[in-house]
Amino acid sequence: MGSNQALDIKNKEFMLIGGLLIIVAGLMAFFPSLNESDTTVDWISLPLVGFPIIVSCILLAFASQESRARKEVLAVPIRLFTLVASMIPLAISTALFFDWLILVDWDLMYNEYALEKEYVWIETIGVSWHVGMDGLSFPMVWLTTFLVPITIITTWNEKDGATYHPLLLMMGGALIGVFVALDLFLFYVFWELTLIPMFFLILKWGGKDRRYAAQKFFIYTFCASVIMLLGLITLYFLQPEGSGAQYGTVTGRTFDMTVLFSNATAYNMGDNVFLGKDMQNVLFAMLMIGFLVKLPAVPFHTWLPDAHVQAPTGGSMLLAGVMLKMGAYGMLRIPIAIFPDAVVYYQDVIMAIGLISLVWGAIVCLGQTNLKKMVAYSSVSHMGVILLGIASMQPIGYAAALFMMFAHGIISPMLFAVCGAFKHHYHSMEIGAMRGMAKWSPYLAVYMMFAWMASLGLPLLAGFVAELMVMIAFWPEYGWWILLPGAVLAITAAYYLWSMQRTIFEGGDEGQPPESLNGETPPDITLSENIGMIILAIFTVIFGIFPFIALGMMDQWTVAFFEGVFNMGGI
Amino acid sequence: MSGSEIIDYAVLIPLLPFLAFPVILFLGRLFNGTPTWVKNVKEGGIIALVAMGASLILALSLIKEHMNKVGAANVFTWFESSWWNPETGSITTKVFGFGVYIDHLTVMLLFVAAFLCFLINIFSIGYMNTDPINDNRNHRFYAEFVLFCSGMLGMVLADSFLWLFIFWELMGLCSYLLIGFYYERPSAAYAAKKAFLTTRVGDVFLVIGLVMLWNLFDGTLDYDVLFNAENIAAVDSGELQLALGMMFIGAVGKSAQFPLHVWLPDAMEGPTPVSALIHAATMVNAGLYLVARMFPFFGAAEMGALSTLAIAIAIIGGITAVMAALIAFVQMDLKKVLAYSTMSQLAYIFTGLGSALWLANNGYDDLAAFAMGASLFHLFNHAMAKGMLFMASGSVIHEMHHAHHEVAHHGHDDHHDDHHDDHFDAQSMENMGGLASRMPITATAMFVGSMSIIGIPLIGGFWSKEGIIASAWKVALKEPIFLLPAMLVLIGAGMTGFYMSRMWFMTFAGKPKTEVAEHVHEQTPWIPIPLVVLTFMTLGAIIFAGMHAGHWLGDFESGHYTSFVDGIGYEMEHVFLNHDPFLMILTYVAIGLSLVLGPSFAMALYGGSLDGNQKAKPWMQWAINLSAKINKRSNFDNSAWANSSLANSLHKRLHFDDVYDAAMMKIVVGFAKLSAIFDTRFIDGVIKTIESTSQEASRRLRALTTGSARDYIMMTALGTLVIFMLLWGVA
């Protein structure tokens, strides 16, 4: 009976939505393309980035004007609409991978991008709307488009769905924007844009201390981005002046990454060092701080557990699944590509930070009593693996870092979905509050077991390949330090198994329902949680058994990267 | 290659059970409780059986084809990744592939795995589906069971150490799940975690070893590259030894050897078919298989360069053999005795492998082949016998349960009491006794199995055990430090005789010790089939002696001892009429220890005749009579020993578990808890301090907002000036 009311959307509002869409599309069309002869369809700007953001903005504007009672009613159609809208980017990115829409040449050299599009934006300072994808960004783009609908499904019953689900959609659009941006200015805009929906997700749907967590999250990562921004602006002003379509008419400099990359690469050939050795090291460090906080690496990680514990399930899923990878992506995209000599200079430092994150994250996990906090720290630990891959200075290590980003992007949302379901049904996050879960909630128990096993790197699940590759790349460079990542493998198993022993197992013949349930029978998970988690589980298995699906592209990218940036191999 | 060969289908052997896993799981979820599912499909048991049967048939045809032929088939490329070589400066693509590799070792272990998986599947249908506690969760059992079988078969067939490891971990997962099958029991949950974590410690080293090996051999772990003698000779043997040593630690964990042995006895928390399959017959052999796979390295590497590792393997084996046997002396739980016995026998095989590897590395190729054959033959015999022993023990426990149920109902006449009496332990040998006449098939199986493990002449394990002891002594004569494992395995032979006999006589001889034991009958269908099959298998193991005599040992070209008769003849001559007088004496000493000394002590302590009207089958009755006689004559008093501090610490399993637990819970978890506090108080504390300081500062800065236009203009001017100065400075 609610549905009749729900569908009672006035014609005026339909016209509003349609009108806005047309206006934005029109605006996009009026952006002058830099390359006049390029008449191919732009599959990135509007379909992948603009569409989700615009739709969510409209939905939010629309819903926020309604009364509280009508918001409840509207939640159902808005949710459905958001889900459908989020499927469109997924369909497009999947189709692009399989060449269903157009033939995409993924076999790219360094600094070549598929589906590249460039529009003039702010001519005076050399800013352009420049987007494109390569083996580094495409897996992350696909992952984002994949996770947004999954997150919407998993958290289908979240309260205030009229604004909650559009925020998730906006988050997805902003994240994709980060990954496809080929202009430093654009990159930074999207980078900061991702903070906004996440800030509101934590602030409005979070737990008891959400206000503190949201502020901390925002200020902490924002401060780091400011340091990064300073680095970017310095880089902008220090770069050699030039003339061309991409260069600013007033400043004579450009924010365009591809131009910067080709300048840097050309300059770095031989014994030259782009911008000089000292300046490279300083700028590299500034940029890296911004990315390390986002990753996060120890000791800049303390915003993460707070944000995760307070964030709603959907927020955590996207935060851990994609947002953390922005840090790793940023590193590989900007500082490492432009300052290869600084990478060599800082190699041991990166390795040390990676090892510390890895070990410290794992040890702190073992000491946790809160399930979600444990999972949050496990993310810190896993992100350390990425740094190890980068520090190894081997194509296989970089490919491992890429695959780790991807695999962790599938596994960690599942971890947080399990935590969310646990909280949702047992009203507690304490490990040990619910024992014998296998009896009461067999589905949740199976998913928990599966996700935990995937995260501790069980072979044939997605996480294993990356860990193996990192170890392989690590040994020749750092030798017996390998015992530390080895020990972490064991500690990871220890904290996961120990937590399972006290949740899934035990409980005696009758099981032990937690006190927080007040004597009710413990329920199993809802249908929507079930659907969301099973899809994640299936993809964990697929990428575990057939890693080449994603690794082929990543390997290709790393080889091109090493030849282009580090001047190794072919050239 | 024309047409399709059987090896092209070999990948189906692990794949069929792998696919059966989701099928059973989902059908079970759908049809749980429906009559067809329970009665006709046995809650998934039949699906599993079909899959295992198909795998067995395929495996047998594969074995027949590759009895004397190495075979390999590349199935698919798993993934590719690139490697930058700092010396040449070039980037090359490294392929991580999956394929099938078949040689003598594969053939032997493939047979053991496929055959036992199938038999134990039959046993499981009898054991699991007749116990009400398993109702509606058997589909989980069979799903995990087939997944395990898939892991084991895959590990045996894999053509690289990488995939060996992958399937190895898959087995570890299934072992974890199946030990924790009765998840509601805290002891099972604890045991499952312990098993996974302990083996994980070993696995970490195995991974590191594999990584080292990958780097040594220029980016591959495929057998066909690794086993190439030229490639092996080209690598630095010191590093090779380190890599193999690391891998050996993994084997120590998986095969439950000292000091990573603590998980195996606890693993008996799983259902008995699991103990039979995973923790006796197949998975624990994975470690042995891994070490046996290293054989080519030792043959082709620089002479003597890998001796240290070979000695270490043998010493670990020797220590475990005696230690486990000692602990088995005092165990009262039927399955725990068998668990320690497993540990001890696996240790024998490690000692044998250590000898073989030492001999291979020091140029004694013939002796090495012999030692290797003996070790693998013992693996074979032990798997058959121990699988059977566990199934027989399962049969005993199962019938004890039934009998207890019966007794409880009749005795108390209490119809409400449907639960088992918690105080009654159906696994304790203190509650058994006199079962030989009541369970003839089980008792026979146990009798033959025990004899095989003890090494009673002419039966199964005898041939291989003599070979291992002889090999160890052969090395000891050349390398003095080897005297340690050689002595230990010799002593261990007598100890095996004692604890296995003790187990059999306590369970099957004498008068029933409880009312329950009097009511035991052999009545469950399905269970006797595998017992009978394996009894004959164990008795006739001499037929496979050809394997012992070098035939299975890769010496395909020369092919001596290809016929069974030759093998038997060689075996007989070697064991009983060895031309080396030292070895001949050794053989008879070992026989004396294991046949006479050990069993007679056991008989003296635990022997006894059956109830007056009861009569066992003739092949067991003589042993019971003999034990009764010895028991009466000797009047042996062992109370002094039973109360000794050694016996006490044996009861506590020599304190290993306590120490490990304390180290884990107190030191590691304690440190972790401190770290967690440090993380929030200190690392986050610094951030919080910065935050509160900046808030304080901003509160003060607010004072600048005076509201006076003059102040603002002043500040704007100052700011502009500063910006211009900065710009000049930069320019």
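Criteria and cut-off values
- Residues numbered from 1 in each chain as written.
- Chains lettered and ligands numbered in written order.
- Predicted model: local features only at pLDDT ≥ 70, side-chain atom pairs only at ≥ 80, totals over all residues.
- Pairing = 2+ DSSP bridges.
- Helix = DSSP H or I, 4+ residues; strand = E, 2+ residues; numbered from the N terminus.
- Contact = placed C-beta atoms within 7 Å.
- Nonpolar A, V, L, I, M, F, W, Y, C, P; charged D, E, K, R; others polar.
- Buried ≥ 20, exposed ≤ 12 C-beta atoms within 10 Å, placed from the backbone.
- Core = buried A, V, L, I, M, F, W, Y, C linked by C-beta atoms within 7 Å.
- Domains from an automatic or database assignment.
- pLDDT = per-residue confidence, 0-100.
- Axes fitted to C-alpha atoms, helices over the stretch in contact; angles between N-to-C directions.
- Parallel < 35°, antiparallel > 145°, perpendicular 65-115°, else oblique.
- Left-handed = near helix turned anticlockwise from the far one by under 90°.

Caption draft 1: Geometry of the pairing of strand β1 (residues 114-122) of chain A. All names here are of chain A. In terms of strand pairing, β1 meets strand β2 (residues 127-133) through 6 bridges, oriented antiparallel. By the bridge assignment for β2, V120 is matched with S128. Linkage of β1 to β2, two consecutive antiparallel strands, is achieved through a turn of 4 residues, within which G126 is found at a positive phi near 75°.

Caption draft 2: Structural context of the interface of chain B and chain A. Residue-level contacts link 43 residues of chain B with 50 residues of chain A. It is helix α7 (residues 186-216) of chain B that contributes the most residues to the side of chain B that touches chain A, 15 residues altogether. In the side of chain B that touches chain A, the residues fall into 27 nonpolar, 8 polar and 8 charged.

Caption draft 3: Representation of unusual backbone geometry in the model. Going from L295 of chain A to P296 of chain A, the amide bond is cis rather than trans, its omega being -10°. Assignment of secondary structure puts P296 of chain A in the loop between α11 (277-294) and α12 (303-310). A cis geometry characterises the amide bond from F258 of chain B onward to P259 of chain B, with omega recorded as 5°. Note on placement: P259 of chain B falls in the loop between α10 (237-254) and α11 (263-266).

Caption draft 4: Structural view of helix α7 (residues 184-193) of chain A. Among the residues making up α7 of chain A, those that are buried are L184, F185, L186, F187, F190 and W191 of chain A. Considering only its buried residues, α7 of chain A is in contact with β2, α6 (161-180), α9 (210-238), α10 (257-268) and α13 (313-333) of chain A.

Caption draft 5: Summary view of the nonpolar core. Judged by nonpolar contacts, the single largest core of 473 residues is most densely connected at F403, V418 and M469 of chain A together with V146 and L210 of chain B. The residues that make up this core include at least three from each of domain 2 (31-267 + 304-324) and domain 3 (346-571) of chain A. Excluding anything up to four places from it in sequence, V418 of chain A contacts L444, Y447, M448 and A451 of chain A.

Caption draft 6: Just the confidence of the model for chain B, in detail. Residues and elements named next belong to chain B. Within chain B, residue pLDDT values average 86, and 94% of them lie at 70 or more. Low pLDDT, under 50, characterises residues 551-560; the stretch is placed with 19 contacts to residues that sit more than four places away or in other chains. Our summary of model confidence lists the complex with pTM equal to 0.91 and ipTM equal to 0.91.

Caption draft 7: Structural detail: the packing of α11 of chain A against α13 of chain A. All names here are of chain A. Close contact between α11 and α13 brings their axes to 7 Å; oriented N to C, the two are set at 155°. When the axis of α11 is compared with that of α13, the two are roughly antiparallel. The crossing of α11 and α13 is left-handed. Contacts from M288, F291, L292 and K294 in α11 reach L324, M326, G327, G330 and M331 in α13. Residues of the contact of α11 with α13, tallied by class, amount to 6 nonpolar, 2 polar and 1 charged.

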